[in-house]
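As a plain string of letters, each chain reads:
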Amino acid sequence: MNEGDQVIIQAIYNMCSKREHTVINHVLLCDVRVNGELFRDHVWVKKSKVLCDEKFEKGDKLCCTGIVEYYLNIDDAKSPKVGFRHIRNVCKEK
């Protein structure tokens, strides 16, 4: 995956963080797959109306699109981590 690539993300919705815990609300997604392959056990993505206002419940299987982005790894600044931005087209899978 390259930075800026649009990918299909499948994950299990866990929770939408509350403002008192972080500066920017984030959503925790677990068992994350990208283009059908296991990516990571969890990722935090920025809150969006679609992810938090739809009232998904913990354990719901979601499918969406996102843009790959690299960000600083607080444990090793020379080794960036891969995350996602612009989460769109969110739907619940059956």
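Parameters at a glance
- Residues numbered from 1 in each chain as written.
- Predicted model: local features only at pLDDT ≥ 70, side-chain atom pairs only at ≥ 80, totals over all residues.
- Heavy atoms only, no water.
- Salt bridge = Lys/Arg side-chain N within 4 Å of Asp/Glu carboxyl O.
- Helix = DSSP H or I, 4+ residues; strand = E, 2+ residues; numbered from the N terminus.
- Buried < 20%, exposed > 50% of the residue type's maximum accessible area, 1.4 Å probe, protein only.
- Polar contact = N/O pair within 3.5 Å; in protein donor to acceptor, adjacent residues only side chain to side chain.
- Contact = heavy atoms within 4.5 Å.
- Pairing = 2+ DSSP bridges.
- Axes fitted to C-alpha atoms, helices over the stretch in contact; angles between N-to-C directions.
- Core = buried A, V, L, I, M, F, W, Y, C linked by side-chain atoms within 4.5 Å.

Trainee: Pulling in residues and values, what's your account of the pattern of salt bridges?
Mentor: A complete count under the given rule lists two salt bridges for this structure. For the salt bridge of Glu 69 with Arg 85, the shortest nitrogen-to-oxygen distance reads 3.9 Å. With Glu 69 in strand S4 (residues 61-71) and Arg 85 in strand S5 (residues 81-92), this pair connects stretches of sequence that are 16 residues apart. Overall, the relative accessible area of 24% leaves Glu 69 in the partly exposed class.

Trainee: How would you explain the side chain of Thr 65 if you had to name every residue and give the values?
Mentor: Within the secondary structure, Thr 65 is located in strand S4. A distance of 3.1 Å separates the side chain of Thr 65 from the side chain of Asn 89, its partner in a polar contact. Those residues in contact with Thr 65, other than ones at most four positions away along the chain, are Gln 6, Val 7, Ile 9, His 86, Ile 87, Arg 88 and Asn 89.

Trainee: I'd love a proper account of the sheet that holds S5, names of residues and values included.
Mentor: One open sheet holds the five strands; their spatial order is S3-S2-S1-S4-S5, and the pairing between them is antiparallel. In this open sheet, the two strands that pair with only one neighbour each are strand S3 (37-46) and S5. Geometrically, the sheet is characterised by an average inter-axis angle of 40° between neighbouring strands, direction not taken into account. Relative to S5, S4 runs antiparallel, the two sharing eight bridges.

Trainee: Quick one: what's the story with the environment of Asn 73, residue by residue and with numbers?
Mentor: Of note, Asn 73 is situated in the loop between S4 and S5. Take Asn 73: its relative accessible area is 13%, and that puts it in the buried class. Beyond its immediate sequence surroundings of up to four residues, Asn 73 is in contact with Ser 79, Pro 80 and Lys 81.

Trainee: If you had to explain the nonpolar core to someone new, which residues and values would you point to?
Mentor: Inside soluble globular proteins, nonpolar side chains tend to come together where they are buried. The biggest cluster of nonpolar side chains holds 21 residues, and the ones touching the most others in it are Val 27, Leu 29, Val 45, Phe 84 and Ile 87. Within the residue set of this core, elements represented by two or more residues are strand S1 (6-16), strand S2 (26-34), S3, helix H1 (49-53), S4 and S5. Per element, the largest residue contribution to this core is five residues, and it comes from S1. Not counting the four nearest positions on each side in its chain, Val 27 is found in contact with Tyr 13, Met 15, Cys 16, Val 43, Trp 44, Val 45, Lys 47, Leu 51 and Cys 52.

Trainee: Account for the environment of Ile 67, with residues named and values stated.
Mentor: Looking at the secondary structure, you find Ile 67 in strand S4. Every residue in contact with Ile 67, bar those within four places of it in the chain, is listed here: Gly 4, Asp 5, Gln 6, Gly 83, Phe 84, Arg 85 and His 86.

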